[in-house]
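# Coordinates in review
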Amino acid sequence: MKKRFKKMLFFSITFLFLFSFSLNVNASVIENDFTRNIAVAVGEKCPALGDPTNSQYPAYWLQEALNIMRANKYGKIVNMSSIAAKACSAGFSVYSCTKSAVLALTASLGREAAKDNVNVNCVCPGIIRTSMWEDILDQMAGSEDATREKVWNACNNVTPNGKPQEPIDIAYMTAFLCTDEARYITSQNIGVDGGYTF
């Protein structure tokens, strides 16, 4: 089981990275004991509501993936959204809107593809220190390291478990959703965020 899970982790994250890279979505590289240089897709800020990166592009590639998976009567799709889609915090209205579109897309397509044995789910990562968060810290705290760390720690403290999140947390959930053990999970938007959303 452990060996199969590790293999599934590698392939599912690599699959996500390849699609996300082609869609100009930022990626954050993680390392651990059993895999090296595997990337986890992390959403990119949208400068305008019409930016297709977070909402339109997923619909296009999902359509292509579903054509293949439905023909094979089997498939696992894991979309990436954000806690911003559920939390809808002040100052993130456009980003929240585009990430919410991914939640609706996941729920609808999961229901449409269920009879073809295709599971469609979505992972909503919490606060992970990516390049996007570095930009947010620039706006909130400026360039002084001590101030940035103070703001970063304050952001993590609002999470119920109060611990910083790592990309591997997202990778584990993504890998699980791609296993046969998750065969009855579809159309779900799952927060992996330390209890920040529900």
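See the structure above.
Because the structure is predicted, anything quoted here is derived from the model rather than measured. (Residues numbered from 1 in each chain as written. Predicted model: local features only at pLDDT ≥ 70, side-chain atom pairs only at ≥ 80, totals over all residues. Heavy atoms only, no water.)

The number of helices and strands found in the chain is seven helices and five strands. Along the chain, from the amino end to the carboxyl end, the secondary structure elements read α-β-β-α-β-α-α-β-α-α-α-β. Residue burial in the chain is summarised as follows: out of 198 residues, 46% are buried. When contacts within the chain are restricted to residue pairs at least 6 apart in sequence, long-range pairs at least 24 apart make up 68% of them. For the chain, the accessible surface area stands at approximately 10,700 Å², while carbon and sulfur atoms represent 57% of it. (Helix = DSSP H or I, 4+ residues; strand = E, 2+ residues; numbered from the N terminus. Buried < 20%, exposed > 50% of the residue type's maximum accessible area, 1.4 Å probe, protein only. Contact = heavy atoms within 4.5 Å. Areas by Shrake-Rupley, 256 points an atom, 1.4 Å probe, with all protein chains shown as cover.)

Once that is clear, we can look at the nonpolar core. Ile 83, Ala 84, Tyr 95, Ile 127, Met 132, Trp 133, Ile 136, Leu 137, Ala 141, Val 151, Trp 152 and Cys 155 together form the largest nonpolar core, which totals twelve residues. For this core, the secondary structure elements donating two or more residues are helix 5 (131-141) and helix 6 (145-157). (Core = buried A, V, L, I, M, F, W, Y, C linked by side-chain atoms within 4.5 Å.)

Quick look at the pairing of strand 4 (residues 118-125) now. Summarising burial for strand 4: eight of the eight residues are buried, a large majority. Neither face of strand 4 is left uncovered, since the one carrying Val 118, Val 120, Cys 122 and Cys 124 and the one carrying Asn 119, Asn 121, Val 123 and Pro 125 both have all their residues buried. Of the pairings in the sheet, the one linking strand 3 (residues 75-80) to strand 4 comprises six bridges and is parallel in character. By the bridge assignment for strand 4, Val 78 is matched with Asn 121. With four bridges joining them, strand 4 and strand 5 (residues 189-192) adopt parallel strand pairing. Within strand 5, the position partnered with Cys 124 by the bridge is Gly 191. (Pairing = 2+ DSSP bridges.)

What follows concerns the sheet that holds strand 4. Spatial strand order, 3-4-5: three strands in an open sheet with parallel pairing. A strand with exactly one partner marks an edge of an open sheet, and here the two such strands are strand 3 and strand 5. Strand-to-strand twist across the sheet, computed as the mean angle between neighbouring axes with direction ignored, equals 30°. Along the sheet face, helix 2 (residues 56-72) touches strand 3 and strand 4 and points at about 165° away from the line of strand 3. Running over the sheet, helix 4 (residues 93-113) touches strand 3, strand 4 and strand 5 and is turned about 160° from strand 4. (Axes fitted to C-alpha atoms, helices over the stretch in contact; angles between N-to-C directions.)

Our next topic: helix 6. Each full turn of the α-helix corresponds to 3.6 residues, which orients residues three or four apart in the same direction. With 13 residues, helix 6 should reach 18 Å at 1.5 Å per residue; the first-to-last C-alpha distance of 18 Å fits that figure. When we look at burial in helix 6, the residues that qualify are Arg 148, Val 151, Trp 152, Cys 155 and Asn 156. Projected down its long axis, helix 6 shows its buried positions confined to an angular sector of 140°, all on one face. More than 90 degrees from the buried face of helix 6, the exposed residues found are Ala 146, Lys 150 and Asn 157. Here the buried face of helix 6 lies against helix 5. (Expected span 1.5 Å × (residues − 1). Arc of directions from axis to C-beta.)

Before going further, it helps to examine the pattern of salt bridges. Scanning all chains against the criterion turns up six salt bridges. The partner of Arg 70 in a salt bridge is Asp 116, with the nearest N and O atoms 3.0 Å apart. Here Arg 70, found in helix 2, pairs with Asp 116, found in the loop between helix 4 and strand 4; they are 46 residues apart in sequence, far enough to count as distant. For Arg 70, a relative accessible area of 29% translates into the label partly exposed. Looking at Asp 116, the relative accessible area reads 15%, which means it is buried. Glu 149 serves as the salt-bridge partner of Arg 129, at 2.9 Å between the closest nitrogen and oxygen. Placement of Arg 129 in the loop between strand 4 and helix 5 and of Glu 149 in helix 6 is noted, with a sequence separation of 20 residues between them. By relative accessible area, which is 29% here, Arg 129 ends up partly exposed. (Salt bridge = Lys/Arg side-chain N within 4 Å of Asp/Glu carboxyl O.)

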